[in-house]
Amino acid sequence: MTATPTVRRLIVFTLLFTLVVIGAIGLAGLLGRLLETGVELVRDDTASLARSLAFTLIGGPFAAVLWWVVWRRAEETSEQDSLSWGVYVAGASTVSLVTFSSSLLFAAATLAGGNWSPQTFATGVVWAAVWLWHRGMSQDARRRPLCLRSVAPILGAAYGLVIGTGGAVTTLGLFFAHAIHGLAGVDTFGQPWWRNVLGALVWAAGGVLVWWWYWVRKRVQFAGGRLAHVTLAVVGILGSSVLMLAGAGITLNSVLRLGFDSSESAARILEPLGFSLSSALLGALVLAYHYHAAIERSVGIDRTARLLVSGVALVAAASGIGVIANALLVPFGIPLAGSGVHTLLIGGLSSFIVGAPLWWLVWKPAHRTDFSEGLAGRRIYLIAVFGLSAVSALVTLLVLGYRLFEFALADHVGGAFIDRVRAPLGLFIATALVAAYHFSVWRQDRAVAPLPGKQGTIDQVILVASGDGVELKRLIEEQTGATVKLWRRKTIGSQAPTHSSDSHQDIPSSGPPLDLLAEALKNVKGKRVLVVTGSGTAIEVIPLAD
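A brief report on the enclosed structure follows. Position numbers for residues count from 1 along each chain, tracking the sequence in the order it is written. For this predicted model, a pLDDT threshold of at least 70 governs which residues receive local features, and a threshold of 80 or more governs which side-chain atom pairs are given and counted, while totals over whole chains, interfaces and linings are taken from all residues. Just so you know, side-chain values use all the structure's heavy atoms and leave hydrogens and water out.

Here is the rule: rings of Phe, Tyr and Trp (six-membered ring for Trp) pair when centre to centre is within 6.5 Å. Planes less than 30 degrees apart are stacked, more than 60 are edge-to-face, and the remainder are tilted. Per the counting criterion, the structure on display carries 16 aromatic pairs. Here the aromatic rings of Trp-211 and Trp-215 are separated by 6.0 Å at their centres, their planes lie at 15 degrees, and the arrangement is stacked. Of this pair, Trp-211 and Trp-215 both sit in helix H7 (residues 193-217), separated by 4 residues, roughly a single helical turn. Across the pair, Trp-215 and Trp-211 agree in class, each one buried. Here a strand is any run of E in DSSP of at least two residues, a helix any run of H or I of at least four, and the numbering for each starts at the N terminus. Throughout, exposure labels follow a simple rule: accessible area from a 1.4 Å probe, protein chains only, divided by the maximum for the residue type, with under 20% read as buried, over 50% as exposed, and the rest as partly exposed.

A word on unusual backbone geometry. Phi is positive for Leu-148, which is not a glycine, with a value near 60 degrees. When you line up the elements, Leu-148 lands in the loop between helix H5 (118-139) and helix H6 (151-184). Relative accessible area serves as the criterion here: at 36%, Leu-148 is assigned to the partly exposed category. Phi is positive for Arg-219, which is not a glycine, with a value near 60 degrees. Looking at the element boundaries, Arg-219 is found in the loop between H7 and helix H8 (226-260).

We now examine the packing of H8 against helix H10 (residues 273-297). At a closest axis distance of 7 Å, the pairing of H8 and H10 adopts a crossing angle of 150 degrees. With respect to each other, H8 and H10 are oriented roughly antiparallel. Crossing of H8 over H10 shows left-handed handedness. Here an angle of 0 to 180 degrees is reported between the N-to-C directions of two axes, which are lines fitted to C-alpha atoms, with helices fitted over the stretch in contact. An angle below 35 degrees is read as roughly parallel, one above 145 as roughly antiparallel, one from 65 to 115 as roughly perpendicular, and any other as oblique. Crossing handedness is read from the near helix: turned anticlockwise from the far helix by less than a right angle, it gives a left-handed crossing, and turned clockwise, a right-handed one.

To estimate the expected span of a helix, count its residues, drop one, and scale the result by 1.5 Å. Spanning 28 residues, helix H2 (residues 46-73) covers 40 Å between terminal C-alpha atoms, matching the ideal 40 Å at 1.5 Å per step. At Gly-59, H2 shows its maximal bend, which comes to roughly 25 degrees, and the proline Pro-61 appears one to four places after that position. For H2, the set of buried residues is Ser-48, Leu-49, Ser-52, Thr-56, Gly-59, Ala-63, Leu-66, Trp-67, Val-70 and Trp-71. Bend, in this description, refers to the angle at a residue between axes fitted to the seven residues ending there and the seven starting there.

It is worth spelling out the pattern of salt bridges at this point. By definition, a salt bridge exists where a carboxyl oxygen of Asp or Glu is found within 4 Å of a side-chain nitrogen of Lys or Arg. Across all of its chains, the model carries 6 salt bridges by this definition. We note a salt bridge from Arg-306 to Asp-302, for which the minimum N-O separation is 3.1 Å. With Arg-306 and Asp-302 both in helix H11 (residues 299-328) and 4 residues apart, the pair spans about one turn of that helix. What you see here is one network of salt bridges that share partners, running through Arg-403, Glu-406 and Arg-420.

Moving on, we get to the environment of Leu-358. Take Leu-358: it is sitting in helix H12 (residues 341-363). Only heavy atoms enter the contact rule, under which two residues are in contact if any of them lie within 4.5 Å. Beyond its immediate stretch of four places on either side in the chain, Leu-358 contacts Met-244, Leu-245, Val-309 and Ala-313.

Structure, rendered in structure tokens:
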């Protein structure tokens, strides 16, 4: 019997989401035809008109009726607390945001290029109405979902950052490319270059606006919980570091080839320089901002950010080593016209020069490691890097063995063997070095650092926390080695804020700062301990009787 409400909600909200999508598609189709042909709705394409009418006149009313039923039941506390209600509002809000913003931005960018797309504009207008409708649901104090309220703002901020950064990279890249072509005396043909710049600028401005709306106005920058930290780490840190290093590597490669490689013309070599330079600059800007945000947010996300940047830089440096080894073996093979040994060597050097210094700066191999914090994350990083590099080395070793036996069983000259094995051999050298180094570091850490829980003075901790509480739980486990049972505070509907100001979006707090909790547990001893935290900085640690 207890599973019946869950199944009922799952079916109802899935059906409601499907009907909303169907109704929006139909209404967008009708509005698009109206904008394109005026009052003449019936044209030769009667099938699409019939589909739009069916979706609008059948799916729309059913969606309205079902929503009215759901909205009436949403006043009940059990409905507000249900996970299905939170998933529906978060999912519908995110889908409508992505659809309407991308459609309107595409229509504006197309209009800047001299064309008009009424169907795309109509889609954006209809889905903007859907987004506003669900945004009103999430702000209603009596019926809004109490679960997953921060999911839609966090995903919206990440989406805005991605399209804003992409548009900015394209805009700045087009400017740089035009300037480089002018300096190189390269003539460009086609439509005026500024039209493409204007279209990319529309995407950049729209993405920044979406990001600012959620990051600043909805206060996502202060959001806690696992989703907020993962999104910040993956999109803000990992994505921007990849963008920065890729752009810097291609930029350095173009500059070095311009001075030392004469296999291609200067115009051909400088072709990717504009976009690579813009990628490096904007990637560094986004990385610096989010790295600072990670440092201010918590100690755990700060350590995660450093490990992610270190991993990306390590991949760049190791790739450079593999390509360099490959290039150094080219003279021992059979000389071929256009073998591009200079191009290959410069590419490897560019990747290594860009990745190695950043890896050394972030990983700091010459410094003594402090094992008082972040031991679990460091161990996971070492094991992951060692495992992936070891698997890659094993695969390349198998390829080398295959090439060796293939050469021995066939009739080939000696130079052909080098040409067959130099690419996998370079990759094997790089991955073997990475695996050996990280395995040795892991062994050193294991010999010096204490295992979790060996020196702990607490056996079990019962943590009562508001919000997510995952970071607090992880900190207690790392510091004490105890088993932690997390109990989350239940949000009472009557205690929820009744205002709906945009500047006070109620994203769940992550609780007290981690350093305060660490200090509160520093000298606590006992078999079982109760830790109670609130949304502010209050912490209460209560040793329990055996």
